[in-house]
Amino acid sequence: MGICNISVQDGYNDTFRGSERTFGNAETRGKGRALLYLAELQDGGLLYFFPLLFIYTFIVIGNLMIFFAVRLDTRLHNPMYNFISIFSLLEIWYTTATIPKMLSNLISSQKTISFTGCLLQMYFFHSLGNTEGTLLTVMAIDRYVAICNPLHYLTIMTPRLCAQLSAGSCIFGFLILLPEIVWISTLPFCGPNQIHQIFCDFTPLLKLACTDASVILVQDVIHALAILITSLIISLSYIRIVVVILGIPSAEGRKKAFSTCIAHIAVFLLFFGSVAIMYLRFSATFTPFWDTAIALAFSVLSPLFNPMIYSLRNKDMKDAIKKLLCPQKVFHVRGS
């Protein structure tokens, strides 16, 4: 799709050299401006603008439909669908942290973002991603209790506990990243400070800092451990679930049990698969094209397919969406 170069500059050294802004050898604490320059999209911005706009519109509308379908249909007022609705809402904000800025960069001649804006984009994007990862863990535990301990499910997964787990996921997701963002905001940055990325991210930004390169490795290791531990917990939960399902005597019972879990497993694989490709690379390098493609897939893939996965394979969800879109028609059919 192209590459995105971010040039962080001091307000007092705002000079053009050729087609780029440079920073010379001066240092800054990032309080100047950041120039977002998509080199390969400069002549064909509109070519990418409309497909990305369509994808973003679909993500927002699709996930909003799931959220309101769950909230307005009393048949779906249970822990599983409650977590799905919250996850869908998070997906909207997750993509909103990056895609609107991508869209403006595609059609704008001045592709700029303030350093504070860059930090805020990183904070909200990754905090929402952390919240989603934590919520996916909660959803895996919910399915584990429902299938492995069905007789006590309602007494364990009470509305109060579900509310606490949902709120706790959000609080944890937003607090865990705050110290790292504050630390990055205090670092000195050196020019020319150009990042090959389509949105502000940790490793590309840290490469511009006038600090020991080992800091980047430590940061990568911490992120990798968090990803691996979370995915391991979820994987073990679903492995145990599959083992229990395979032990169900009747084929109909196995089919019903699998139908409640297959969508969760698909979303889990999609979300953590894209996260792994994006952040478990360490020293591996790709061409700018593949770097951009991986970053774009990471930021839009899961939110794009989430509405389709949860609606196409779930009869109750499909009925709720139909009821949401055509309430009079549903009422007429039921009344006839």
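Structure: see above.
Residues numbered from 1 in each chain as written. Predicted model: local features only at pLDDT ≥ 70, side-chain atom pairs only at ≥ 80, totals over all residues. Heavy atoms only, no water.

K.L.:
Lay out the packing of aromatic side chains in plain terms, naming residues and giving numbers.
P.N.:
What the rule picks out here adds up to 13 aromatic pairs. Pairing Tyr 123 with Phe 174 gives two aromatic rings, centres 6.0 Å apart and planes at 75°, and the pair type is edge-to-face. Taken as a pair, Tyr 123 in helix α4 (residues 115–148) and Phe 174 in helix α6 (residues 159–175) lie far apart in primary sequence, 51 residues in all. The partly exposed category is assigned to Phe 174, whose relative accessible area is 21%. Taking 5.0 Å as the distance between ring centres and 50° as the angle between the ring planes, the aromatic pair formed by Phe 125 and Phe 199 counts as tilted. With Phe 125 in helix α4 and Phe 199 in the loop between β7 (189–190) and α8 (202–206), this residue pair connects regions lying 74 residues apart in the sequence. What makes Phe 199 buried here is its relative accessible area of 2%. (Phe/Tyr/Trp six-rings, centres within 6.5 Å; stacked < 30°, edge-to-face > 60°. Helix = DSSP H or I, 4+ residues; strand = E, 2+ residues; numbered from the N terminus. Buried < 20%, exposed > 50% of the residue type's maximum accessible area, 1.4 Å probe, protein only.)

K.L.:
For the nonpolar core, give the residues involved together with the corresponding values.
P.N.:
Ile 84, Leu 136, Met 139, Phe 199, Phe 298, Tyr 310 and Met 317 are the most contacted members of the largest nonpolar core, which totals 65 residues. For this core, the secondary-structure elements that each account for two or more residues are α1 (45–72), α2 (79–96), α3 (99–107), α4, α9 (214–246), α10 (251–279), α11 (288–312) and α12 (315–325). Of all the elements, α10 adds the most residues to this core, at 11 residues. Filtering out sequence-adjacent residues up to four positions away, Phe 298 remains in contact with Tyr 94, Phe 125, Phe 199, Ser 274, Val 275, Met 278 and Tyr 279. (Core = buried A, V, L, I, M, F, W, Y, C linked by side-chain atoms within 4.5 Å. Contact = heavy atoms within 4.5 Å.)

K.L.:
So, the environment of Gly 62: which residues are in play, and what are the values?
P.N.:
With respect to the helices and strands, Gly 62 occurs in helix α1. It is 9.2 Å that separates the C-alpha atoms of Gly 62 and Phe 305, two residues lying 243 residues apart in sequence.

Shape descriptors only; they carry no functional weight alone.
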